[in-house]
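Residues per chain are reported as follows:
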Amino acid sequence: MKHVVKILSLVAAVSAFWITLLQAAIVPQSFTWLLPIYFVVSLGCYGLLMVGIGIMQFPTCPQEAVLLNHDIAEAKDFLSTNGIDIGTY
Amino acid sequence: MAEEKKYKYSIIVPTYNERLNIALIVYLIFKHLRDVDFEIIVVDDGSPDGTQEIVKQLQHLYGEDRILLRARAKKLGLGTAYIHGLKHATGDFVVIMDADLSHHPKYLPSFIKKQLETNASIVTGTRYVKGGGVHGWNLMRKLTSRGANVLAQTLLWPGVSDLTGSFRLYKKSVLEDVISSCVSKGYVFQMEMIVRATRKGYHIEEVPITFVDRVFGTSKLGGSEIVEYLKGLVYLLLTT
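Residues numbered from 1 in each chain as written. Chains lettered and ligands numbered in written order. Predicted model: local features only at pLDDT ≥ 70, side-chain atom pairs only at ≥ 80, totals over all residues. Heavy atoms only, no water.

Peer 1: Lay out the overall build of chain B in plain terms, naming residues and giving numbers.
Peer 2: Looking only at helices and strands, chain B has eight helices and nine strands in total. For 240 residues, the compact-globule estimate of 2.2 N^0.38 gives 18 Å, and the C-alpha radius of gyration of chain B, at 17 Å, lies within 12% of that figure. The C-alpha extent of chain B, read off along each of the three principal axes, is 50 × 45 × 35 Å. Across chain B, the fraction of contacts at a sequence separation of at least 24, relative to all contacts at a separation of at least 6, is 81%. Within the structure as shown, chain B displays about 10,400 Å² of accessible surface, and the carbon and sulfur contribution to it stands at 57%. (Helix = DSSP H or I, 4+ residues; strand = E, 2+ residues; numbered from the N terminus. Rg over C-alpha atoms; globule rule 2.2 N^0.38 Å. Contact = heavy atoms within 4.5 Å. Areas by Shrake-Rupley, 256 points an atom, 1.4 Å probe, with all protein chains shown as cover.)

Peer 1: Please give an account of the sheet that holds strand β2 (residues 37-44) of chain B that cites residues and values.
Peer 2: Residues and elements named next belong to chain B. The strand order across the open sheet built from seven strands is β3-β2-β1-β4-β7-β5-β8, with neighbouring strands paired in mixed fashion. Looking along the sheet, the strands with just one partner apiece sit at the ends: β3 (67-69) and β8 (204-208). The mean inter-strand angle of the sheet, taken between neighbouring strand axes irrespective of direction, is 20 degrees. Across three bridges, β2 lies against β3 in parallel orientation. Bridging from a neighbouring strand, I40 pairs with I67 of β3. Lying over the sheet, helix α2 (residues 51-62) contacts β1 (8-15), β2 and β3, oriented at roughly 150 degrees with respect to β3. (Pairing = 2+ DSSP bridges. Axes fitted to C-alpha atoms, helices over the stretch in contact; angles between N-to-C directions.)

Peer 1: Kindly report on the side chain of E18 of chain B, identifying the contributing residues and their values.
Peer 2: All names here are of chain B. With respect to the helices and strands, E18 occurs in the loop between β1 and α1 (19-32). A distance of 2.8 Å separates the side chain of E18 from the side chain of N21, its partner in a polar contact. In this structure E18 touches D49, T51, A99 and D100, once residues within four positions along its chain are discounted. (Polar contact = N/O pair within 3.5 Å; in protein donor to acceptor, adjacent residues only side chain to side chain.)

Peer 1: Describe the pattern of salt bridges, listing the residues and the values that go with them.
Peer 2: All names here are of chain B. Under the defined criterion, the tally for this structure stands at ten salt bridges over all chains. In this structure, K113 engages E117 in a salt bridge whose closest nitrogen and oxygen atoms are separated by 3.3 Å. Of this pair, K113 and E117 both sit in helix α4 (residues 108-118), four residues apart, which is roughly one turn of the helix. Look at E117 and you get exposed, because its relative accessible area is 53%. (Salt bridge = Lys/Arg side-chain N within 4 Å of Asp/Glu carboxyl O. Buried < 20%, exposed > 50% of the residue type's maximum accessible area, 1.4 Å probe, protein only.)

Below is the structure:
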């Protein structure tokens, strides 16, 4: 099943639930009408929250740049002693 | 006593103007894969800076059976470079990695180990988990990366934490299968590969990798890249 079909079925299921809520009027209708808006806004806030958390926890590795420079020096050394002409960079 | 099967690994490295980096990366691969049966397949797109000459010198040093130069006439794109390299691969597994040293060969043993432990079809490197990381990105770059990732996770449910990464190990048959159904270009291609693999039900494992961006300043993420990315997301949403 294509992924988009899965998503659309989910949307259809949630919409069916919403319409039932509207008709059954267990909850005040004025409230039910606004539910989709609340949902979209919450989704947006959740997304922003995940981005914010992601940035705060973004794994960085400054020591890797140092290690890489060591590796590059070691490699250049080996290559020049073994006749590989890597030129001046 | 059971005979331990020895596997061969084909490492495909697409290059364009990587004269120095290709030599460094070959040295590092040999350093970190001492007891492993592997071959390096360099797919060079007609680099004007003499990359192919360096590769020939490396072949002289390490052996033409360990380093294969399978060049092409001009810049033809990453996806086709992998397909081209794949045609010449004789390993049981195929590793794809970048030539610019943003992918460090020291992680190759962990890819291999993970695959042997889990019998995964694909092992993909992820920069976004503990033990992994990125160096050389400013806040703006991190923001776009995170935003793109959250959007892709919400829309696509891809099953991996790093969608655009291109440091991966595939079972050869799996790569052949997945690559034949991918049509995108650039980094959307990397996304398409892993999403299609997830949809096909392949067992995918992740290992943390660190990514040192040495081309800071030249790989700018402009408006057109963002548009391309969004178009790619919608395409993947609708066709996978």
